[in-house]
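# Architecture at a glance
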Amino acid sequence: MPKPQTLLALNWKMNKTPSEATAWANDLKEKLHLGAAEVAIMAPAIDLQALSWFLKDTGVQLGGQDVSQHESGAYTGEISAAMLKDVGAKYAVVGHSERREYHAESSQVVAGKARAALSGGLVPVICVGEGLEVRERGEHVSYTLDQLRDSLAGITISSAAQIVVAYEPVWAIGTGRTATAADAEELCGAIRNALSGLLGEVGGGVQVLYGGSVKGGNVAEICAQPNVNGALVGGAALEVASVLEMVAELG
Ligand code: PEP
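First, a word on what this report is: a plain description of the structure on this page. (Residues numbered from 1 in each chain as written. Predicted model: local features only at pLDDT ≥ 70, side-chain atom pairs only at ≥ 80, totals over all residues. Heavy atoms only, no water.)

In the neighbourhood of the ligand, 14 residues make up the surrounding shell, with Lys13, Glu168, Gly174, Ser213 and Gly234 lying closest. For the ligand, an oxygen atom lies 3.1 Å from a polar atom in the side chain of Asn11. In this structure, Ser213 approaches the ligand through a main-chain N or O atom, which is 2.8 Å from an oxygen atom. Bound to the protein, the ligand loses 96% of the 300 Å² it would expose on its own. Looking at the shell around the ligand residue by residue, the classes come out as 4 nonpolar, 8 polar and 2 charged. (Near = heavy atom within 4 Å. Polar contact = N/O pair within 3.5 Å; in protein donor to acceptor, adjacent residues only side chain to side chain. Areas by Shrake-Rupley, 256 points an atom, 1.4 Å probe, with all protein chains shown as cover. Nonpolar A, V, L, I, M, F, W, Y, C, P; charged D, E, K, R; others polar.)

Taken N-terminus to C-terminus, the directions of helix H1 (residues 18-31) and helix H10 (residues 240-249) make an angle of 35 degrees; their axes are 10 Å apart at the nearest point. Note on packing geometry: the crossing formed by H1 with H10 is right-handed. Every residue of H10 that contacts H1 at Trp24, Asp27, Leu28 and Lys31 is listed here: Val240, Val243 and Leu244. Here the residues of the contact of H1 with H10 are counted per class, giving 5 nonpolar, no polar and 2 charged. (Axes fitted to C-alpha atoms, helices over the stretch in contact; angles between N-to-C directions. Helix = DSSP H or I, 4+ residues; strand = E, 2+ residues; numbered from the N terminus. Left-handed = near helix turned anticlockwise from the far one by under 90°. Contact = heavy atoms within 4.5 Å.)

Before going further, it helps to examine unusual backbone geometry. A negative phi angle characterises most non-glycine residues, just as the trans form characterises most peptide bonds. The backbone of Lys16 sits at a positive phi, close to 85 degrees, despite the residue not being glycine. For Lys16, the position within the fold is in the loop between strand S1 (7-11) and H1. Its identity as a non-glycine residue notwithstanding, Ser213 has a phi of 60 degrees, on the positive side. Note on placement: Ser213 falls in the loop between strand S7 (207-211) and helix H9 (219-223). Using a relative accessible area of 17% as the deciding quantity, one classes Ser213 as buried. (Buried < 20%, exposed > 50% of the residue type's maximum accessible area, 1.4 Å probe, protein only.)

So, about the layout of surface pockets. Considered as a void within the structure, the largest pocket measures approximately 590 Å³ in volume. Residue contributions to the lining of the largest pocket peak at 3 residues, all from helix H4 (residues 97-102). Residues belonging to the lining of the largest pocket are distributed by class as follows: 9 nonpolar, 7 polar and 6 charged. (1 Å grid on protein atoms, 1.4 Å probe; cavity = no way out; pocket = protein on both sides within 12 Å on 5 of 7 lines; lining within 4 Å. Points joined across faces, edges and corners; volume = space filled by probe spheres on them.)

The following block contains the structure:
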């Protein structure tokens, strides 16, 4: 199966006001020459309207950092898939380790969010990955694959072509401690095999990203691994210069 287009997904986390996002987008727009990789900004929901306006016609895609598992109604504070879609989002990150940890999101909730994203016409970027203790016990593969299976509950083969999975070992997020390219390949390959087992041929073709301290200097090596189809990037997503560096390195 040919490798899908590399996806460089930029997770801003809780950074940048709409004014800051607008200035950033204008700067990026002046300097960006998109290459082989698709670029998507996973921005705070409140920034998306401005980004969608200022980045229109650039080819840069947008995504939310979370989405409600409910379609609409009395869920104060939540953002629905339809709302994200309406402001131009293509993607929604679900199950980021910070949501799992600080908001006690279980894989069952993550699966509900992934299904809601799909029903609303968004591509869920489903995050999985082990913490340091699990890695040190040598149980990272089985732990991550269990989390993956639970986070995919109820996702049908017919909708599976529209999902992205991101392997993000928690010990590598925001720590500067990157998994080696071989570590990333080990887990992304195991995820792909599991996806094939669960979802057949469509599962084997799902885009699998690696995330955890990716930046200019390591992005190309990691994304060149046979089973890695892109990166989910936090810290290095904040400065236009470092985004341009990664885009250039991806060719
Ligand atoms: C992330 O937030 O998904 C992430 C991978 O962060 P960082 O690149 O800063 O490790």
